[in-house]
Amino acid sequence: MSQFDYTAAVDYILSFADYERISRSSAIFDTSRIETLLETLGKPHLAAESVHIAGTKGKGSTAAMIASILTASGYKTGLYTSPHLHSFTERIRIDGEPIPESEFAALVRGLRPRFDAFNRLGVHGELTTFEILTALAFVHFKESEADFQVLETGLGGRLDATNVVQPRVCAITSISLDHTEVLGNSLAQIAAEKAGIIKPGCAVVSAPQCPEVRSVMSSVCHERGARLIEVGRDIVWRLTEHSDSRQSFGLSGLRGSYDLTIPLLGEHQLDNAAVAVGVAEVLAELGAGISAESIATGLSRVSWPGRLQVLRRDPLLVVDGAHNADSAERLAKALPEYFRFAKAILVIGTSRDKDIAGMVGGLLPLFTGVIVTRSRNPRATDVSALAAEFSRRGVKAKEAETVESAVEMALRESGPGDLVCVTGSLFVVAEAIEHFEANKIRIPPG
(Lines give C-alpha, C1' and ligand atoms only; values in the text may rest on other atoms or scores of the structure.)
Protein backbone atom coordinates (compact mmCIF):
# COMPACT_ATOMS: atom_id res chain seq x y z
CA MET A 1 0.00 0.00 0.00
CA SER A 2 2.98 2.32 0.47
CA GLN A 3 3.28 2.49 -3.34
CA PHE A 4 -0.36 3.51 -3.75
CA ASP A 5 0.16 6.74 -5.69
CA TYR A 6 -2.15 8.75 -7.98
CA THR A 7 -1.74 6.34 -10.88
CA ALA A 8 -2.61 3.38 -8.67
CA ALA A 9 -5.64 5.28 -7.34
CA VAL A 10 -6.93 5.92 -10.86
CA ASP A 11 -6.30 2.29 -11.85
CA TYR A 12 -8.33 1.17 -8.84
CA ILE A 13 -11.23 3.47 -9.65
CA LEU A 14 -11.26 2.38 -13.29
CA SER A 15 -11.34 -1.29 -12.29
CA PHE A 16 -15.07 -0.85 -11.70
CA ALA A 17 -17.82 -0.29 -14.27
CA ASP A 18 -17.15 3.09 -15.90
CA TYR A 19 -20.13 4.04 -18.06
CA GLU A 20 -18.28 7.02 -19.51
CA ARG A 21 -16.02 4.51 -21.25
CA ILE A 22 -18.34 1.56 -21.93
CA SER A 23 -21.89 1.23 -23.22
CA ARG A 24 -24.59 2.49 -20.86
CA SER A 25 -27.27 0.28 -22.39
CA SER A 26 -26.68 -2.51 -19.85
CA ALA A 27 -26.28 -0.23 -16.84
CA ILE A 28 -28.65 -0.43 -13.90
CA PHE A 29 -29.08 3.06 -12.45
CA ASP A 30 -30.42 3.58 -8.94
CA THR A 31 -29.35 5.36 -5.78
CA SER A 32 -29.53 2.45 -3.33
CA ARG A 33 -25.82 1.59 -3.55
CA ILE A 34 -24.57 5.13 -3.01
CA GLU A 35 -27.14 5.80 -0.26
CA THR A 36 -26.11 2.69 1.67
CA LEU A 37 -22.41 3.41 1.15
CA LEU A 38 -22.75 7.00 2.39
CA GLU A 39 -24.60 5.75 5.48
CA THR A 40 -21.57 3.61 6.33
CA LEU A 41 -19.28 6.62 5.80
CA GLY A 42 -21.18 8.84 8.24
CA LYS A 43 -23.38 10.72 5.74
CA PRO A 44 -20.69 13.07 4.39
CA HIS A 45 -23.09 14.28 1.69
CA LEU A 46 -25.09 16.14 4.32
CA ALA A 47 -22.16 18.07 5.82
CA ALA A 48 -22.29 21.08 3.47
CA GLU A 49 -25.13 23.11 2.01
CA SER A 50 -25.86 21.78 -1.47
CA VAL A 51 -26.67 23.25 -4.86
CA HIS A 52 -27.71 20.56 -7.34
CA ILE A 53 -27.64 20.95 -11.13
CA ALA A 54 -29.13 18.82 -13.90
CA GLY A 55 -29.69 19.37 -17.61
CA THR A 56 -28.44 18.23 -21.00
CA LYS A 57 -26.05 21.05 -21.80
CA GLY A 58 -24.35 23.71 -19.72
CA LYS A 59 -24.39 21.85 -16.39
CA GLY A 60 -20.65 22.12 -15.89
CA SER A 61 -20.42 25.76 -16.95
CA THR A 62 -23.32 26.71 -14.69
CA ALA A 63 -21.90 24.75 -11.77
CA ALA A 64 -18.53 26.45 -12.20
CA MET A 65 -20.20 29.89 -12.27
CA ILE A 66 -22.21 29.20 -9.12
CA ALA A 67 -19.15 27.86 -7.30
CA SER A 68 -17.09 30.88 -8.37
CA ILE A 69 -19.77 33.25 -7.03
CA LEU A 70 -19.86 31.41 -3.70
CA THR A 71 -16.06 31.51 -3.43
CA ALA A 72 -16.06 35.24 -4.24
CA SER A 73 -18.62 35.65 -1.46
CA GLY A 74 -16.16 34.23 1.06
CA TYR A 75 -17.53 30.68 1.34
CA LYS A 76 -15.33 27.62 1.11
CA THR A 77 -16.94 25.87 -1.85
CA GLY A 78 -16.69 22.34 -3.18
CA LEU A 79 -17.39 21.70 -6.86
CA TYR A 80 -18.07 18.23 -8.27
CA THR A 81 -18.37 17.87 -12.05
CA SER A 82 -17.92 15.27 -14.79
CA PRO A 83 -16.38 14.28 -17.06
CA HIS A 84 -12.90 15.75 -16.73
CA LEU A 85 -10.73 17.09 -19.53
CA HIS A 86 -7.29 15.89 -18.47
CA SER A 87 -7.26 14.50 -14.93
CA PHE A 88 -9.69 12.97 -12.45
CA THR A 89 -8.57 15.62 -9.98
CA GLU A 90 -10.48 18.24 -11.99
CA ARG A 91 -13.77 16.67 -10.91
CA ILE A 92 -13.28 17.45 -7.23
CA ARG A 93 -12.39 21.09 -6.48
CA ILE A 94 -12.25 23.40 -3.50
CA ASP A 95 -12.54 27.10 -4.36
CA GLY A 96 -11.75 26.37 -7.99
CA GLU A 97 -8.58 24.36 -7.29
CA PRO A 98 -8.54 20.65 -8.21
CA ILE A 99 -7.75 18.25 -5.41
CA PRO A 100 -3.96 17.62 -5.48
CA GLU A 101 -2.93 14.22 -6.85
CA SER A 102 -1.34 13.30 -3.50
CA GLU A 103 -4.56 14.07 -1.63
CA PHE A 104 -6.63 12.21 -4.22
CA ALA A 105 -4.40 9.13 -3.79
CA ALA A 106 -4.57 9.39 0.01
CA LEU A 107 -8.36 9.70 -0.14
CA VAL A 108 -8.70 6.60 -2.31
CA ARG A 109 -6.15 4.70 -0.21
CA GLY A 110 -8.05 5.51 2.97
CA LEU A 111 -11.48 4.61 1.60
CA ARG A 112 -10.52 1.59 -0.48
CA PRO A 113 -11.04 -0.88 2.41
CA ARG A 114 -14.53 0.55 2.91
CA PHE A 115 -15.34 0.23 -0.78
CA ASP A 116 -14.02 -3.33 -0.93
CA ALA A 117 -15.92 -4.35 2.20
CA PHE A 118 -19.11 -2.85 0.78
CA ASN A 119 -18.67 -4.77 -2.48
CA ARG A 120 -18.02 -8.04 -0.66
CA LEU A 121 -21.42 -7.76 1.03
CA GLY A 122 -23.01 -7.65 -2.43
CA VAL A 123 -26.33 -6.34 -1.13
CA HIS A 124 -26.95 -3.86 -3.93
CA GLY A 125 -24.37 -4.99 -6.46
CA GLU A 126 -20.87 -3.64 -7.05
CA LEU A 127 -20.14 0.07 -6.93
CA THR A 128 -19.48 1.86 -10.19
CA THR A 129 -16.63 4.23 -10.99
CA PHE A 130 -18.97 7.23 -10.84
CA GLU A 131 -20.41 6.20 -7.49
CA ILE A 132 -16.93 5.85 -6.02
CA LEU A 133 -15.93 9.27 -7.36
CA THR A 134 -19.11 10.79 -5.95
CA ALA A 135 -18.40 9.32 -2.52
CA LEU A 136 -14.82 10.58 -2.70
CA ALA A 137 -16.09 14.09 -3.46
CA PHE A 138 -18.50 14.11 -0.53
CA VAL A 139 -15.83 12.87 1.89
CA HIS A 140 -13.29 15.41 0.61
CA PHE A 141 -15.75 18.28 0.93
CA LYS A 142 -16.60 17.21 4.49
CA GLU A 143 -12.95 16.84 5.50
CA SER A 144 -12.20 20.24 3.93
CA GLU A 145 -15.07 21.76 5.96
CA ALA A 146 -16.71 23.20 2.86
CA ASP A 147 -19.58 25.57 3.48
CA PHE A 148 -21.25 24.75 0.15
CA GLN A 149 -21.00 21.94 -2.36
CA VAL A 150 -22.09 22.51 -5.96
CA LEU A 151 -22.93 19.21 -7.64
CA GLU A 152 -23.40 18.43 -11.31
CA THR A 153 -25.38 15.29 -12.11
CA GLY A 154 -23.55 12.71 -14.17
CA LEU A 155 -26.50 11.35 -16.17
CA GLY A 156 -30.17 12.23 -15.88
CA GLY A 157 -31.06 13.20 -12.35
CA ARG A 158 -33.67 10.99 -10.69
CA LEU A 159 -31.38 7.96 -10.42
CA ASP A 160 -28.04 9.76 -10.52
CA ALA A 161 -25.54 9.06 -7.74
CA THR A 162 -25.51 12.74 -6.80
CA ASN A 163 -29.25 12.70 -6.09
CA VAL A 164 -28.80 11.90 -2.42
CA VAL A 165 -28.51 15.48 -1.16
CA GLN A 166 -31.10 17.87 0.21
CA PRO A 167 -30.28 20.99 -1.83
CA ARG A 168 -31.01 24.56 -0.83
CA VAL A 169 -31.66 25.27 -4.50
CA CYS A 170 -31.67 23.28 -7.75
CA ALA A 171 -30.79 24.39 -11.26
CA ILE A 172 -31.99 22.91 -14.54
CA THR A 173 -29.95 23.89 -17.58
CA SER A 174 -31.03 23.52 -21.21
CA ILE A 175 -32.64 20.16 -21.96
CA SER A 176 -32.49 18.45 -25.35
CA LEU A 177 -32.34 14.91 -26.72
CA ASP A 178 -29.29 13.01 -25.45
CA HIS A 179 -28.58 9.62 -23.85
CA THR A 180 -31.93 8.46 -25.21
CA GLU A 181 -31.01 4.79 -24.66
CA VAL A 182 -31.11 5.47 -20.91
CA LEU A 183 -33.28 8.52 -20.33
CA GLY A 184 -36.03 8.06 -22.93
CA ASN A 185 -36.81 8.94 -26.52
CA SER A 186 -38.85 12.07 -25.95
CA LEU A 187 -38.09 15.46 -24.44
CA ALA A 188 -40.85 14.91 -21.90
CA GLN A 189 -39.28 11.64 -20.70
CA ILE A 190 -35.83 13.18 -20.47
CA ALA A 191 -37.18 16.26 -18.67
CA ALA A 192 -38.93 14.03 -16.13
CA GLU A 193 -35.63 12.28 -15.38
CA LYS A 194 -33.78 15.58 -15.00
CA ALA A 195 -36.57 16.96 -12.80
CA GLY A 196 -35.95 14.04 -10.45
CA ILE A 197 -33.48 16.24 -8.54
CA ILE A 198 -36.26 18.63 -7.50
CA LYS A 199 -37.07 18.14 -3.81
CA PRO A 200 -40.28 19.22 -2.02
CA GLY A 201 -40.20 22.90 -1.10
CA CYS A 202 -36.97 23.53 -2.99
CA ALA A 203 -36.41 26.54 -5.25
CA VAL A 204 -35.63 25.66 -8.88
CA VAL A 205 -33.93 27.98 -11.37
CA SER A 206 -34.42 26.89 -14.98
CA ALA A 207 -32.76 27.95 -18.21
CA PRO A 208 -35.08 28.71 -21.14
CA GLN A 209 -36.78 25.49 -22.24
CA CYS A 210 -38.97 24.40 -25.11
CA PRO A 211 -42.72 24.18 -24.33
CA GLU A 212 -42.65 20.39 -23.87
CA VAL A 213 -39.88 20.58 -21.26
CA ARG A 214 -41.31 23.67 -19.60
CA SER A 215 -44.63 21.88 -19.11
CA VAL A 216 -42.91 18.99 -17.33
CA MET A 217 -40.91 21.33 -15.10
CA SER A 218 -44.01 23.32 -14.15
CA SER A 219 -45.92 20.16 -13.35
CA VAL A 220 -43.18 18.63 -11.19
CA CYS A 221 -42.65 21.89 -9.30
CA HIS A 222 -46.39 22.19 -8.66
CA GLU A 223 -46.58 18.59 -7.39
CA ARG A 224 -43.64 19.07 -5.03
CA GLY A 225 -44.42 22.56 -3.84
CA ALA A 226 -41.23 23.84 -5.40
CA ARG A 227 -40.79 27.44 -6.52
CA LEU A 228 -39.94 27.65 -10.23
CA ILE A 229 -37.82 30.59 -11.40
CA GLU A 230 -37.32 30.87 -15.16
CA VAL A 231 -34.68 32.63 -17.20
CA GLY A 232 -36.51 34.61 -19.86
CA ARG A 233 -39.45 35.32 -17.56
CA ASP A 234 -38.18 36.06 -14.04
CA ILE A 235 -34.58 36.73 -15.01
CA VAL A 236 -33.69 38.43 -18.29
CA TRP A 237 -30.36 39.41 -19.83
CA ARG A 238 -29.17 41.65 -22.67
CA LEU A 239 -25.81 41.32 -24.42
CA THR A 240 -23.93 44.64 -24.49
CA GLU A 241 -20.59 43.73 -26.08
CA HIS A 242 -18.24 40.84 -26.74
CA SER A 243 -14.75 40.00 -27.93
CA ASP A 244 -13.19 36.66 -28.80
CA SER A 245 -12.42 36.04 -25.12
CA ARG A 246 -15.31 37.46 -23.07
CA GLN A 247 -18.77 38.99 -23.23
CA SER A 248 -20.54 41.65 -21.18
CA PHE A 249 -24.26 41.82 -20.49
CA GLY A 250 -26.89 43.51 -18.41
CA LEU A 251 -29.15 41.32 -16.27
CA SER A 252 -32.39 42.01 -14.45
CA GLY A 253 -32.86 39.45 -11.70
CA LEU A 254 -34.93 38.69 -8.63
CA ARG A 255 -33.16 41.20 -6.40
CA GLY A 256 -31.96 43.89 -8.77
CA SER A 257 -30.06 44.70 -11.95
CA TYR A 258 -26.44 43.90 -12.73
CA ASP A 259 -23.74 44.75 -15.25
CA LEU A 260 -21.74 41.56 -15.69
CA THR A 261 -18.87 40.06 -17.67
CA ILE A 262 -17.95 36.41 -18.22
CA PRO A 263 -14.82 35.01 -19.91
CA LEU A 264 -16.95 32.47 -21.79
CA LEU A 265 -18.47 32.83 -25.24
CA GLY A 266 -21.83 31.95 -26.78
CA GLU A 267 -25.40 33.02 -26.16
CA HIS A 268 -25.98 29.79 -24.25
CA GLN A 269 -23.38 30.88 -21.68
CA LEU A 270 -25.45 33.99 -21.00
CA ASP A 271 -28.40 31.72 -20.23
CA ASN A 272 -26.12 29.68 -17.96
CA ALA A 273 -24.87 32.83 -16.25
CA ALA A 274 -28.47 33.95 -15.71
CA VAL A 275 -29.24 30.61 -14.05
CA ALA A 276 -26.17 31.04 -11.83
CA VAL A 277 -27.27 34.54 -10.82
CA GLY A 278 -30.75 33.23 -10.04
CA VAL A 279 -29.29 30.52 -7.81
CA ALA A 280 -27.11 33.09 -6.03
CA GLU A 281 -30.11 35.36 -5.50
CA VAL A 282 -32.17 32.53 -4.01
CA LEU A 283 -29.31 31.65 -1.66
CA ALA A 284 -29.10 35.33 -0.66
CA GLU A 285 -32.85 35.30 0.07
CA LEU A 286 -32.23 32.28 2.31
CA GLY A 287 -29.61 34.17 4.29
CA ALA A 288 -26.33 33.61 2.45
CA GLY A 289 -23.99 36.60 2.36
CA ILE A 290 -23.95 37.05 -1.41
CA SER A 291 -23.77 40.60 -2.73
CA ALA A 292 -24.11 42.09 -6.21
CA GLU A 293 -20.36 42.72 -6.11
CA SER A 294 -19.51 39.11 -5.31
CA ILE A 295 -21.83 37.92 -8.09
CA ALA A 296 -20.01 40.16 -10.58
CA THR A 297 -16.58 39.16 -9.27
CA GLY A 298 -17.39 35.45 -9.28
CA LEU A 299 -18.66 35.48 -12.85
CA SER A 300 -15.69 37.51 -14.09
CA ARG A 301 -13.26 34.95 -12.61
CA VAL A 302 -14.93 31.73 -13.74
CA SER A 303 -12.77 29.27 -15.65
CA TRP A 304 -14.29 26.46 -17.71
CA PRO A 305 -12.02 25.28 -20.55
CA GLY A 306 -13.11 23.40 -23.66
CA ARG A 307 -16.16 25.52 -24.44
CA LEU A 308 -15.69 27.88 -27.38
CA GLN A 309 -12.10 28.16 -26.20
CA VAL A 310 -9.54 29.88 -28.43
CA LEU A 311 -6.20 28.05 -28.49
CA ARG A 312 -4.63 30.03 -31.31
CA ARG A 313 -5.59 33.18 -33.20
CA ASP A 314 -4.06 33.07 -36.70
CA PRO A 315 -5.33 30.82 -38.01
CA LEU A 316 -8.00 30.62 -35.35
CA LEU A 317 -8.06 27.30 -33.50
CA VAL A 318 -11.25 26.94 -31.46
CA VAL A 319 -12.30 23.91 -29.42
CA ASP A 320 -15.81 23.22 -28.16
CA GLY A 321 -17.32 20.18 -26.45
CA ALA A 322 -20.61 20.19 -28.38
CA HIS A 323 -21.88 16.62 -28.16
CA ASN A 324 -25.45 16.49 -29.46
CA ALA A 325 -27.52 17.93 -32.30
CA ASP A 326 -28.75 20.96 -30.38
CA SER A 327 -25.31 21.96 -29.13
CA ALA A 328 -23.88 21.43 -32.64
CA GLU A 329 -26.46 23.84 -34.05
CA ARG A 330 -25.64 26.39 -31.35
CA LEU A 331 -21.93 26.05 -32.11
CA ALA A 332 -22.48 26.61 -35.84
CA LYS A 333 -24.51 29.72 -34.99
CA ALA A 334 -22.00 31.08 -32.47
CA LEU A 335 -18.82 30.76 -34.56
CA PRO A 336 -19.68 33.46 -37.15
CA GLU A 337 -21.22 35.63 -34.43
CA TYR A 338 -18.11 35.71 -32.27
CA PHE A 339 -15.28 35.27 -34.77
CA ARG A 340 -14.27 36.66 -38.15
CA PHE A 341 -12.81 34.15 -40.60
CA ALA A 342 -12.46 33.44 -44.31
CA LYS A 343 -12.97 29.68 -44.46
CA ALA A 344 -13.69 27.14 -41.73
CA ILE A 345 -12.36 23.61 -41.35
CA LEU A 346 -14.11 21.16 -39.05
CA VAL A 347 -12.31 18.51 -37.00
CA ILE A 348 -14.88 16.20 -35.44
CA GLY A 349 -14.97 13.02 -33.42
CA THR A 350 -18.00 11.70 -31.53
CA SER A 351 -19.11 8.94 -29.19
CA ARG A 352 -21.07 6.03 -30.62
CA ASP A 353 -24.18 6.65 -28.49
CA LYS A 354 -24.73 10.16 -29.86
CA ASP A 355 -27.09 11.47 -32.54
CA ILE A 356 -24.34 11.63 -35.15
CA ALA A 357 -26.68 12.47 -38.02
CA GLY A 358 -28.19 15.32 -36.03
CA MET A 359 -24.76 16.68 -35.11
CA VAL A 360 -23.52 16.55 -38.70
CA GLY A 361 -26.68 18.26 -39.91
CA GLY A 362 -26.30 20.96 -37.27
CA LEU A 363 -22.72 21.78 -38.26
CA LEU A 364 -23.08 21.81 -42.04
CA PRO A 365 -22.85 23.85 -44.25
CA LEU A 366 -20.66 26.28 -42.28
CA PHE A 367 -17.47 24.33 -42.98
CA THR A 368 -15.65 24.15 -46.31
CA GLY A 369 -13.51 21.21 -45.20
CA VAL A 370 -14.12 18.31 -42.82
CA ILE A 371 -11.66 15.98 -41.08
CA VAL A 372 -13.12 13.12 -39.06
CA THR A 373 -11.20 11.53 -36.22
CA ARG A 374 -11.65 9.62 -32.97
CA SER A 375 -10.56 10.04 -29.39
CA ARG A 376 -8.84 7.33 -27.39
CA ASN A 377 -12.07 6.70 -25.47
CA PRO A 378 -13.42 3.18 -26.10
CA ARG A 379 -16.87 4.59 -26.91
CA ALA A 380 -15.51 6.70 -29.78
CA THR A 381 -17.23 6.40 -33.16
CA ASP A 382 -15.17 4.67 -35.85
CA VAL A 383 -13.64 7.15 -38.26
CA SER A 384 -15.10 5.35 -41.28
CA ALA A 385 -18.63 5.46 -39.82
CA LEU A 386 -18.35 9.18 -39.19
CA ALA A 387 -17.00 9.78 -42.69
CA ALA A 388 -19.92 7.80 -44.12
CA GLU A 389 -22.40 10.15 -42.43
CA PHE A 390 -20.81 13.14 -44.13
CA SER A 391 -20.71 11.24 -47.43
CA ARG A 392 -24.47 10.69 -47.23
CA ARG A 393 -24.79 14.47 -47.22
CA GLY A 394 -22.53 14.93 -50.21
CA VAL A 395 -19.45 15.95 -48.22
CA LYS A 396 -16.19 14.07 -48.64
CA ALA A 397 -14.46 14.05 -45.27
CA LYS A 398 -10.81 13.33 -44.79
CA GLU A 399 -9.90 10.75 -42.17
CA ALA A 400 -7.35 10.91 -39.36
CA GLU A 401 -6.99 8.12 -36.83
CA THR A 402 -5.85 10.41 -34.00
CA VAL A 403 -6.96 13.82 -32.81
CA GLU A 404 -3.38 15.05 -32.95
CA SER A 405 -2.96 14.16 -36.63
CA ALA A 406 -6.39 15.61 -37.43
CA VAL A 407 -5.52 18.97 -35.88
CA GLU A 408 -2.18 19.08 -37.68
CA MET A 409 -3.87 18.22 -40.97
CA ALA A 410 -6.46 20.96 -40.51
CA LEU A 411 -3.82 23.58 -39.71
CA ARG A 412 -1.78 22.60 -42.77
CA GLU A 413 -4.86 23.22 -44.90
CA SER A 414 -5.70 26.56 -43.30
CA GLY A 415 -4.10 29.94 -43.67
CA PRO A 416 -4.14 33.38 -42.06
CA GLY A 417 -7.71 34.49 -41.47
CA ASP A 418 -9.10 30.95 -41.45
CA LEU A 419 -10.77 28.98 -38.64
CA VAL A 420 -10.24 25.43 -37.43
CA CYS A 421 -12.90 24.15 -35.04
CA VAL A 422 -12.40 20.93 -33.06
CA THR A 423 -15.60 19.48 -31.62
CA GLY A 424 -17.86 16.43 -31.19
CA SER A 425 -17.01 15.42 -27.62
CA LEU A 426 -15.06 16.60 -24.61
CA PHE A 427 -12.75 13.62 -25.08
CA VAL A 428 -11.72 14.94 -28.50
CA VAL A 429 -11.40 18.48 -27.17
CA ALA A 430 -9.21 17.31 -24.28
CA GLU A 431 -6.80 15.56 -26.64
CA ALA A 432 -6.63 18.63 -28.87
CA ILE A 433 -5.82 20.87 -25.89
CA GLU A 434 -3.18 18.42 -24.64
CA HIS A 435 -1.58 18.37 -28.09
CA PHE A 436 -1.60 22.14 -28.24
CA GLU A 437 -0.05 22.50 -24.80
CA ALA A 438 2.63 19.91 -25.53
CA ASN A 439 3.62 21.25 -28.94
CA LYS A 440 2.20 24.77 -29.16
CA ILE A 441 0.85 23.48 -32.47
CA ARG A 442 3.78 23.52 -34.80
CA ILE A 443 2.47 23.09 -38.35
CA PRO A 444 4.50 20.39 -40.11
CA PRO A 445 5.52 21.05 -43.70
CA GLY A 446 2.93 19.87 -46.19
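Structure: above.
Thresholds applied
Residues numbered from 1 in each chain as written. Predicted model: local features only at pLDDT ≥ 70, side-chain atom pairs only at ≥ 80, totals over all residues. Heavy atoms only, no water. Core = buried A, V, L, I, M, F, W, Y, C linked by side-chain atoms within 4.5 Å. Buried < 20%, exposed > 50% of the residue type's maximum accessible area, 1.4 Å probe, protein only. Helix = DSSP H or I, 4+ residues; strand = E, 2+ residues; numbered from the N terminus. Contact = heavy atoms within 4.5 Å. Axes fitted to C-alpha atoms, helices over the stretch in contact; angles between N-to-C directions. Parallel < 35°, antiparallel > 145°, perpendicular 65-115°, else oblique. Left-handed = near helix turned anticlockwise from the far one by under 90°. Nonpolar A, V, L, I, M, F, W, Y, C, P; charged D, E, K, R; others polar. Phe/Tyr/Trp six-rings, centres within 6.5 Å; stacked < 30°, edge-to-face > 60°. Pairing = 2+ DSSP bridges. Salt bridge = Lys/Arg side-chain N within 4 Å of Asp/Glu carboxyl O.

For this particular structure, what's the right way to read the nonpolar core?
Side chains of a nonpolar character, in soluble globular proteins, are inclined to be buried together. Formed by 43 residues in total, the largest nonpolar core has its most connected members in V150, V279, L283, I290, I295 and L299. When residues of this core are assigned to their parent elements, the largest contribution, eleven residues, is made by helix α9 (residues 267-285). With near-sequence residues (within four places) excluded, V150 lies in contact with V51, I53, A63, I66, A67, L70, T77, G78, L79 and Y80. Among the nonpolar cores identified, the runner-up in size contains 38 residues, and L41, I99, V108 and L136 belong to it.

Even after reading the chapter, I still don't get the packing of helix α12 (residues 356-363) against helix α13 (residues 383-391), so can you show me in this structure?
Each packed pair of helices is defined by two parameters, the angle between the axes and the distance between the axes. Close contact between α12 and α13 brings their axes to 10 Å; oriented N to C, the two are set at 50°. Classed by the angle they form, the pair α12 and α13 counts as oblique. The chirality of how α12 crosses α13 is right-handed. Judged by residue contacts, I356, A357 and V360 of α12 engage L386, E389 and F390 from α13. For the contact of α12 with α13, the class distribution of residues is five nonpolar, no polar and one charged.

Could you clarify how one ought to interpret unusual backbone geometry in this entry?
What you tend to see is this: most non-glycine residues have negative phi, and most peptide bonds are trans. Residue P315 is bonded to the preceding D314 through a cis peptide linkage, with omega at 0°. Take P315: it is sitting in the loop between β12 (309-313) and β13 (316-319). Note that the residue after L364, namely P365, is joined by a cis bond; omega there is 5°. Relative to the helices and strands, P365 is located in the loop between α12 and β15 (369-372). Even without a glycine there, the phi angle at D95 is positive, about 50°. Structurally, D95 can be placed in the loop between β3 (92-94) and β4 (97-98).

Whenever I open this one, the packing of aromatic side chains confuses me. Can you help?
By convention here, two paired aromatic rings are described through the distance between centres and the angle between planes. This model, assessed by the stated rule, comprises four aromatic pairs. Note on Y75 and F148: the rings are 5.1 Å apart at their centroids and 80° apart in plane angle, and the pair reads as edge-to-face. Remark: F148 occurs in strand β5 (residues 148-152) and Y75 occurs in the loop between α3 (59-72) and β2 (77-80); sequence separation between them is 73 residues. A relative accessible area of 22% means that Y75 is categorised as partly exposed. A residue is classified by how much of its surface remains accessible, and F148, at 6% relative accessible area, is buried.

Is there a simple way to think about the pairing of strand β10 (residues 247-252) in this case?
Regular strands place side chains that alternate from one sheet face to the opposite one. Burial analysis of β10 places five of its six residues in the buried class, the great majority of the element. Pairing analysis gives six bridges linking strand β9 (residues 236-242) to β10, with the strands arranged antiparallel. From the neighbouring strand, H242 faces β10, where its bridge partner is Q247. Counting the residues that bridge the hairpin from β9 to β10 gives four residues. Bridge count for β10 against strand β11 (residues 257-262) is six bridges, and the pairing is antiparallel. Counterpart to L251 in the pairing with β11 is Y258. Between the end of β10 and the start of β11, which pair antiparallel, lie four residues, with G256 showing a positive phi angle near 150°.

It is not clear to me how the sheet that holds β15 should be interpreted in this structure. Could you clarify?
Note on sheets: strands pair through backbone hydrogen bonds, and any given pair is parallel or antiparallel. Taken in spatial order, the six strands of this open sheet run β12-β13-β17-β14-β15-β16, and their pairing is mixed. The sheet is open, and its two edges are formed by β12 and β16 (398-399), each paired on a single side. By the bridge criterion, four bridges tie strand β14 (residues 344-348) to β15 in an arrangement that is parallel. Within β15, the residue paired with L346 across the bridge is V370.

Whenever I open this one, the pattern of salt bridges confuses me. Can you help?
As a working rule, side chains carrying opposite charge can pair if their charged atoms are close by. Scanning all chains against the criterion turns up 23 salt bridges. Between E131 and R33 there is a salt bridge, with the nearest N and O atoms lying 3.0 Å from each other. With E131 in helix α5 (residues 129-143) and R33 in helix α2 (residues 32-40), this pair connects stretches of sequence that are 98 residues apart. By relative accessible area, E131 is classed as buried at 3%. Using a relative accessible area of 7% as the deciding quantity, one classes R33 as buried. Of the charged contacts in the structure, one is a salt bridge between R313 and D244, with a shortest N-O distance of 3.0 Å. Note that R313 is positioned in strand β12 and D244 in the loop between β9 and β10, a separation of 69 residues in sequence.

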